[in-house]
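# Notes for the structure review
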Amino acid sequence: MVLATDSLQPSGLGEHMLTLAQSMSGRFDAVIAAGESEGGQGLLKSAAEAGLRVKAFEPYALQPFKTWLTQYADLLHVHAGIGWEGHDLTRIGKAAGLPVVRTEHLPYLLTSPVQQAEYRACLLSVDRVITVSRAAYDSFTSRHGVDSFALVLNGIEPKVSRGKRKDIRSSLGIAEDAQMVLTVARFTPQKGYRSLLEAVPKVLAQVPRSRFVWVGEGPEFPELGTEVREADLADAVTLLGHRADVPDLLSAADLVVLPSLFEGLPLVLLEAMAAGVPVVATRIGGSVEAVGEAHPFLAQPANADDLAAAIVAALSDPVAARIAAEAGRQRFDRTFKASRMAAETADLYSSLLPTPSSQPQVRSA
Amino acid sequence: MNRTRIGFIGAGGIAQRHLGVLEQFDDVDLVAFADVDFDRALAAAARFGARAFGSHDELLSDESLDAVYICIPPFAHGAAERAVIAKGLPFFVEKPISLDLKFAEELAAKIDAAGLITGVGYHWRYLDTVEEARRQLEQRPAQLVSGYWLDQTPPPQWWWHQDQSGGQMVEQTTHIIDLARYLVGDVTQVFAMAGHRDRADFPGLDVATVSTASLRFASGAIGNIGSTCLLNWGHRVGLHLFAEGLALELTDHDIMIDVGAGRPVRHAEGDPVWREDRDFIDAVRGAPSCIRCSYAEALKTHRIALAINQSAQTGQPIDLAAR
Ligand SMILES: NC(=O)c1ccc[n+]([C@@H]2O[C@H](COP(=O)([O-])OP(=O)(O)OC[C@H]3O[C@@H](n4cnc5c(N)ncnc54)[C@H](O)[C@@H]3O)[C@@H](O)[C@H]2O)c1
């Protein structure tokens, strides 16, 4: 099984691929394949460190990769961050005579007719498209019918924090009696940092001891850093850049906020739920699916007032926050474990592979 | 077809040379790479859809292999070979096999006891020109041997240090010593001298910058081999042999055979490393072994190289037959 992406910044998507490959290892031997971009190399390194097999390819010269697939692969599983990614990969997978599966990590977002047409064409070389949330599933099937699509809810293998909460907080300069509000998301417009920045003073006005910690990289990072300083919020907001110790940061946090405008099924919410940390999310497809319709702390996307209100509600009612967190933990266990995702994905693979008795000696293209 | 699963320990320069050959074999799978520089292991693994490890221990415990290539610098030999032998795996190892003779002898004994297939990277034995030289010398055995490694200084810093590379005779000229053994037979006595100049462009370089060794062979032939790393280019790397009515000059890419009718030069054909790797893989796959240099053979060459160092250091001739 080859799990491949040509995404230039496979952050959450890369995590997902690693989780899937590791959780399936009992049933299928997976290779992680990525393009020779900086992000792709980073993914391959993480994969290799996790003991997985790795394969690099040249995104604009895929012929050697196709040859390699023909020789070594039984199935190609392409992971796309957004609808225009991964088309060339799916095409060479088909050309190599393989069953091709494609996971869409976001809802259907294509607006340009050219891209939409490309997507339709790409569906012809895909055996099955996996969507990672019900909302994403609906967004695709409403346009393309249900035939090619499958729903396999995202799942994660929660990582355990190694550090002590107290030590981690002090290393971040967070006082014991402060309320640490953590956001882990790439600095792109999609993630809605702007509305969060606008919400910060409103939250401080009511919960003066709240401290915001933002983790991630991305194009908006420098700009938002400047805006934080200009708004005189440098004491209240810390931008950490990329961190490899998110489980530790989660264990130090009092609340997790994800202000996104759209999502597939956001991993950071699942991580927070698994760790029993209360969350504030926006009322958008994938996020609501993660936390559940009944979740008490939901805000309208791109609405700073609403977001501030939800954060204040969670911070000022610790009992309600704790109940919501416990409900989240149970919901995680029931629905979002990597083992469940891996089992469903492996079943889907099996349905596309030739059955052992009829397996041809030489694969025909 | 079941493919032979190969793992690499060391993924530097010479490993790339073997990879370029092995990737052409459709009965070989390159499945795992270990290098103390993890990024090198990763880069090699990502070429082949393989796994990467930061140490030979992880490689050997986590991956099921049919054979191992050990392509590490001279000073690094030891633990890797022991672990590979303990696993009962056939292995190919690059020359020089180690800097420590005791260790190499201990390994040779273990390999022998376990009956393991081994190969060592003395690929000159696989030159078609060397086969031609052997045929010539069958009729007229060599009486005088004249060998050269007159070259530039290799860039890797470990090469510059006696305690890491063993110096030029052990690290490079060993190919010529091996070739002389292959064509002329066992060496019974060596007497060597070495000189050193400090060089501004190579800070810390402490290996001999010039060295020369006189050799006596069991056949009665005598000879000399000279090495220098003082040039900024490759000047001459090869072996000249002289017999009754025969002068023969070998380099790694051609042969000149002079029998008194001009000096015809013929280019070598084919890739000796390809043949070397093919023979090793075939033997691992169960064919009768055609490997031209096993660990035990390489040990005999290595003994001479180390004796040359010792003679240069002590100023005394060294009798090898007496050992
Ligand atoms: N047969 C030939 O013609 C030929 C040609 C070149 C080199 N060589 C020999 O090959 C050997 C290696 O030379 P090179 O040019 O590849 O050197 P190199 O420095 O390019 O590569 C050696 C690699 O081994 C790794 N390494 C060191 N110790 C290790 C250990 N304990 N475990 C795993 N990896 C380790 C290093 O990180 C490096 O990546 C030398 O002995 C050299 O003489 C032979």
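Residue indices begin from 1 for each chain and proceed along its sequence in written order. Here every chain gets a letter starting at A, and every ligand a number starting at 1, in the order they are written. pLDDT decides what is reported in this predicted model: residues at 70 or higher carry local features, side-chain atom pairs at 80 or more are listed and counted, and totals for whole chains, interfaces and linings draw on all residues regardless. Side-chain calculation: all heavy atoms of the structure are included, whereas hydrogens and water are not.

A word on the overall build of chain A. Scanning chain A from terminus to terminus reveals 15 helices and 13 strands. Each of the three principal axes of chain A carries a C-alpha extent, and together these read 70 × 45 × 35 Å. Charge assignment in this entry is limited to Lys and Arg as positive and Asp and Glu as negative, and neither His nor the chain termini are counted. Note on charges: their place is set at NZ of Lys, CZ of Arg, CG of Asp or CD of Glu. Distance between charge centroids for chain A: 4 Å, based on 34 positive and 41 negative side chains. Helix and strand definitions follow DSSP, with helices as H or I runs of at least four residues and strands as E runs of at least two, each counted in order from the N terminus.

UniProt positions are given in the numbering used here, feature names are shortened, and annotations may be inferred rather than shown by experiment. Those residues carrying the UniProt feature "domain: Glycosyl transferase family" (unreviewed entry) are residues 165–331 of chain A in this numbering. The annotated region residues 165–331 of chain A carries 49% helix and 16% strand content, and the separation between its end C-alpha atoms amounts to 24 Å.

Before going further, it helps to examine the site of the ligand. Residue and element names in this part refer to chain B. Residues are labelled near a given molecule or strand when at least one of their non-hydrogen atoms is within 4 Å of it. Lining the immediate environment of the ligand, one finds 22 residues, of which Gly13, Ile14, Asp35, Arg40 and Glu171 sit closest. Between an oxygen atom of the ligand and a side-chain N or O atom of Arg40, the distance comes to 2.6 Å. A 3.5 Å cut-off defines polar contacts: any pair of N or O atoms within that distance qualifies, except that in protein one atom must be a possible hydrogen donor and the other a possible acceptor, and neighbouring residues in sequence count only when both atoms are side-chain atoms. Within the contact set of the ligand, an oxygen atom lies 2.3 Å away from a side-chain nitrogen or oxygen of Glu171. Cavities and pockets are defined on a 1 Å grid built over the protein atoms alone: a cavity is a set of grid points where a 1.4 Å probe fits but cannot escape, while a pocket is an open set with protein on both sides within 12 Å along at least five of seven lines, and lining residues are those with an atom within 4 Å of any such point. The rule for placing a molecule in a cavity or pocket is simple: more than half of its atoms must lie within 2 Å of the grid points. Here the ligand is seated within the second largest pocket. Each residue is assigned to one of three groups, with Ala, Val, Leu, Ile, Met, Phe, Trp, Tyr, Cys and Pro labelled nonpolar, Asp, Glu, Lys and Arg labelled charged, and all others, Gly among them, labelled polar. Residue composition of the shell around the ligand, by class: ten nonpolar, six polar and six charged.

For the rest of this paragraph, the subject is the environment of Thr67(A). Looking at the element boundaries, Thr67(A) is found in helix α3 (residues 63–72). Sequence spacing of Thr67(A) and Ala95(A) is 28 residues, and the spatial spacing of their C-alpha atoms is 9.8 Å.

All names here are of chain A. Domain delimitation follows an automatic or database domain assignment. Domain boundaries assigned for chain A yield domain 1 (2–157 + 338–352) and domain 2 (165–335). Centre-to-centre separation of domain 1 and domain 2, based on C-alpha positions: 29 Å. By definition, residues are in contact when any of their heavy atoms lie within 4.5 Å. Contacts between the two partners involve 18 residues from domain 1, matched on the other side by 14 residues from domain 2. Across the interface of domain 1 and domain 2, roughly 1,300 Å² is buried in total on both sides, 68% from carbon and sulfur atoms. The quantity reported as buried area is the accessible area (1.4 Å probe) lost by two parts once they are put together, taken as the sum for both.

This paragraph deals with the side chain of Ser211(B). Residue and element names in this part refer to chain B. Along the chain, the position of Ser211 falls in strand β9 (residues 210–217). Burial classes follow relative accessibility: with a 1.4 Å probe on protein chains only, a residue under 20% of its type's maximum area counts as buried, one over 50% as exposed, and anything between as partly exposed. Here Ser211 falls in the buried class, since its relative accessible area comes to 12%. When near neighbours in sequence (up to four residues on either side) are disregarded, Ser211 contacts Met169, Met193, Ala194, Ile225, Gly226 and Ser227.

The next thing to look at is the confidence of the model for chain B. Of all residues in chain B, 99% attain a pLDDT of 70 or more, and the chain-wide mean is 97. The ipTM assigned to the predicted complex is 0.86, against a pTM of 0.86. Values of pLDDT, which run from 0 to 100, indicate the predictor's confidence residue by residue.

This next bit is on the domain arrangement of chain B. Residues and elements named next belong to chain B. Segmenting chain B into domains produces domain 1 (4–122 + 274–291) and domain 2 (124–270 + 302–319). The distance between the C-alpha centroids of domain 1 and domain 2 comes to 26 Å. Listed per partner, the contact involves 17 residues of domain 1 and 21 residues of domain 2. Of the roughly 1,600 Å² buried where domain 1 meets domain 2, counting both sides, 60% is carbon and sulfur surface. Whenever a carboxyl oxygen of Asp or Glu lies within 4 Å of a side-chain nitrogen of Lys or Arg, that contact is scored as a salt bridge. One can count one salt bridge joining domain 1 with domain 2. With its nearest N and O atoms 3.0 Å apart, the salt bridge here joins Arg303 to Glu105. On the surface where domain 1 and domain 2 come into contact, there are ten residue pairs in polar contact (both at pLDDT 80 or more).

The sites that UniProt annotates as "domain: GFO/IDH/MocA-like oxidoreductase" (unreviewed entry) are residues 148–235 of chain B. What you have in residues 148–235 of chain B is 22% helix and 31% strand, and the ends, taken at the C-alpha atoms, are 9 Å apart.

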